[in-house]
Amino acid sequence: MSERGKWHERLKVTLWTLIIPPAIWAGHFLASYLWAAISCAKAGRFASFPLLFVIGTMLALLMIGLSGWIAWAQARLPGNPPPHEDSTRIDRLRFLAKSTLLLAGLSFVGVLFAALPVIFLRDCR
């Protein structure tokens, strides 16, 4: 495979990459509640079909999915089998990648659960 096809392996994995999926989830959660509060305060009801919110939710899910896919690809890099007792670069990369993958899965479900009330509820009471 060419070097161009292995771009996910060239990414530098740090603790910052670990917080990307939960940060997207938190941003989506904040946007959901702000959207609900503003629409109830201004209009007194939810929009019939919040197209902008659905687009934002799909974008958040896409970004979390991309982060999870990159983490999945990096977690599959060849190296020593578990337990990872040596502090090698590849062991640290795979640990951070697996942790990011788990957080991406949790964040994906969190975004879905935050979107459900906004999409299905129609009353501000």
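Conventions used here
- Residues numbered from 1 in each chain as written.
- Predicted model: local features only at pLDDT ≥ 70, side-chain atom pairs only at ≥ 80, totals over all residues.
- Heavy atoms only, no water.
- Helix = DSSP H or I, 4+ residues; strand = E, 2+ residues; numbered from the N terminus.
- Buried < 20%, exposed > 50% of the residue type's maximum accessible area, 1.4 Å probe, protein only.
- Contact = heavy atoms within 4.5 Å.
- Areas by Shrake-Rupley, 256 points an atom, 1.4 Å probe, with all protein chains shown as cover.
- Axes fitted to C-alpha atoms, helices over the stretch in contact; angles between N-to-C directions.
- Parallel < 35°, antiparallel > 145°, perpendicular 65-115°, else oblique.
- Left-handed = near helix turned anticlockwise from the far one by under 90°.
- UniProt positions renumbered as here; feature names shortened; annotations may be inferred.
- Nonpolar A, V, L, I, M, F, W, Y, C, P; charged D, E, K, R; others polar.
- pLDDT = per-residue confidence, 0-100.
- Core = buried A, V, L, I, M, F, W, Y, C linked by side-chain atoms within 4.5 Å.
- Patch = residues over 30% accessible without salt bridge, like charges linked within 9 Å, V, L, I, M, F, W, Y side chains within 5 Å.
- Salt bridge = Lys/Arg side-chain N within 4 Å of Asp/Glu carboxyl O.

### Focus on the overall build of the chain
Then, in step 1: The helix and strand inventory of the chain stands at five helices and zero strands.
Then, in step 2: Starting at the N terminus and ending at the C terminus, the chain contains elements arranged as α-α-α-α-α.
Then, in step 3: Each of the 125 residues in the chain was classed as buried or not, and the buried ones make up 30%.
Then, in step 4: Residue pairs at least 24 apart in sequence account for 75% of intrachain contacts in the chain once pairs closer than 6 positions are excluded.
Then, in step 5: For the chain, the accessible area works out to roughly 8600 Å², and carbon and sulfur atoms hold 72% of it.

### Observations regarding the packing of helix 4 (residues 51–75) against helix 5 (residues 89–120)
Then, in step 1: One way to put it is that helix 4 packs onto helix 5 with a least axis distance of 8 Å and a crossing angle of 165 degrees. When the interaxial angle is binned, helix 4 and helix 5 end up roughly antiparallel. The hand of the helix 4/helix 5 crossing is left-handed.

### Points about the UniProt feature "transmembrane region" (unreviewed entry) in the chain
Then, in step 1: Following the UniProt record, one finds the feature "transmembrane region" (unreviewed entry) at residues 15–37, 49–72 and 101–121.
Then, in step 2: The annotated region residues 15–37 carries 96% helix and 0% strand content, and the separation between its end C-alpha atoms amounts to 33 Å.
Then, in step 3: Within residues 101–121, the helical portion is 95% and the strand portion 0%, while the C-alpha atoms at the span's ends are 31 Å from each other.

### Section: the packing of helix 3 (residues 20–42) against helix 5
For any two helices packed against each other, one specifies the crossing angle of their axes together with the interaxial distance.
Then, in step 1: Running from amino to carboxyl end, helix 3 crosses helix 5 at an angle of 10 degrees, the nearest separation of the two axes being 8 Å. If you check the angle between helix 3 and helix 5, you find them roughly parallel. From helix 3, Pro 21, Pro 22, Trp 25, His 28, Phe 29, Ser 32 and Trp 35 reach across to helix 5, where they touch Thr 100, Leu 103, Ala 104, Leu 106, Ser 107, Gly 110, Val 111, Ala 114, Ala 115 and Val 118.
Then, in step 2: Among the residues forming the contact of helix 3 with helix 5, the class breakdown is 12 nonpolar, five polar and no charged.

### Structural notes on the confidence of the model for the chain
Then, in step 1: Per-residue confidence for the chain gives a mean pLDDT of 81, with 80% of residues at or over 70.
Then, in step 2: Highest mean pLDDT in the chain belongs to helix 4 (90); lowest belongs to helix 1 (residues 7–10) (61).

### Looking at the nonpolar core
Then, in step 1: Membership of the largest hydrophobic core is limited to six residues, which are Ile 24, Ala 60, Leu 61, Ile 64, Ala 104 and Val 111.
Then, in step 2: When residues of this core are traced back to their parent elements, those giving at least two are helix 4 and helix 5.
Then, in step 3: Filtering out sequence-adjacent residues up to four positions away, Ala 60 remains in contact with Ile 24, His 28 and Val 111.

### Thoughts on a nonpolar patch on the surface
Then, in step 1: On the surface, Leu 66, Trp 69, Trp 72 and Leu 101 cluster together into a nonpolar patch covering about 380 Å² of accessible area.
Then, in step 2: The dominant element in the nonpolar patch, judged by the number of residues it contributes, is helix 4, at three residues.
Then, in step 3: Within the fold, Leu 66 resides in helix 4.

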